[in-house]
Amino acid sequence: MSGKWTEAEVALDDEEIVTRVRAGDREAYDLLVARHTAPAHRTAVLLGAGPDAEDVIQEAFVKAYRKLSRYRGDATFRSWLLAIVANETRNLHRSRGRRDGLALRAATAVPEAAGDDGLDAVLAAERRAALVAALRRLPARDREVIACRYLLDLTEEETVTVLGLPRGTVKSRTHRALAKLRGLLDREVAHRG
């Protein structure tokens, strides 16, 4: 975190900070923003905001602040915020009339694998490129669940909250999406020989 906060403030959990914000401590919200900007940005990018990710997360943080009185604590603050980010990203798509393709640039931004020679790095880059290409061929709803569960490392419960779906739907969609992804990757390997 920043040198702006004391160790005691940094040690507070999100629920304690939310309580402080609700009690009128507007600066405490800055700590929540600092804490959750990176995952919010990743979520926006992985769900398709692309170059508009900054605008999406800024709008999401503003909406979260305005709606903080509605936050009941049923889910973690992080899940609740990422659900707002997901909705803002969907709003972005609707406002532009876009329906296809997630911008999975974040997946390609993974650092190269370290190896004694450049071969490991080349192979890792090829595997990553094949994965990103296969992800782009999946339907949007499958990409969303894969992005939440495996690229954002969200728990099943957090994915339920972020996508606004029932737990059973998340489970079945994850299972089917992984099977589709495996099929696409297997075809790519077979195609390459």
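Above this text sits the structure in question.
Let me sum up the structure you'll find in this document. (Residues numbered from 1 in each chain as written. Predicted model: local features only at pLDDT ≥ 70, side-chain atom pairs only at ≥ 80, totals over all residues. Heavy atoms only, no water.)

This part takes up the packing of helix H2 (residues 14-22) against helix H3 (residues 26-46). H3 packs onto H2 with a crossing angle of 145 degrees between their chain directions and a minimal axis gap of 8 Å. Of the two possible hands of crossing, H2 and H3 adopt the one that is left-handed. Where H2 approaches H3, its residues Asp14, Ile17, Val18, Arg20 and Val21 are matched on the opposing element by Ala28, Tyr29, Leu31, Leu32, Arg35 and His36. A class-by-class count of the residues in the contact of H2 with H3 yields seven nonpolar, one polar and three charged. (Axes fitted to C-alpha atoms, helices over the stretch in contact; angles between N-to-C directions. Helix = DSSP H or I, 4+ residues; strand = E, 2+ residues; numbered from the N terminus. Left-handed = near helix turned anticlockwise from the far one by under 90°. Contact = heavy atoms within 4.5 Å. Nonpolar A, V, L, I, M, F, W, Y, C, P; charged D, E, K, R; others polar.)

The topology assignment puts His36 in helix H3. One polar contact links His36 to Asp14, side chain to side chain, over a distance of 2.8 Å. Discounting residues that sit within four places of it in the chain, His36 has contacts with Asp14, Phe61, Phe77, Arg78 and Leu81. (Polar contact = N/O pair within 3.5 Å; in protein donor to acceptor, adjacent residues only side chain to side chain.)

This part covers the side chain of Asp142. Structurally, Asp142 can be placed in helix H8 (residues 140-151). Excluding its chain neighbours within four sequence positions, the residues that come into contact with Asp142 are Arg173, Ala177 and Lys180.

Moving on, we come to helix H4 (residues 53-66). For H4, which comprises 14 residues, the first-to-last C-alpha distance of 20 Å matches the rise-based estimate of 20 Å (1.5 Å per residue) to within 8%. Turning to H4, its buried residues are Ala53, Val56, Ile57, Ala60, Phe61 and Ala64. The arc that holds every buried residue of H4, seen down its axis, measures 130 degrees, which confines them to one face. For H4, exposure combined with an orientation more than 90 degrees from the buried face picks out Gln58 and Arg66. (Expected span 1.5 Å × (residues − 1). Buried < 20%, exposed > 50% of the residue type's maximum accessible area, 1.4 Å probe, protein only. Arc of directions from axis to C-beta.)

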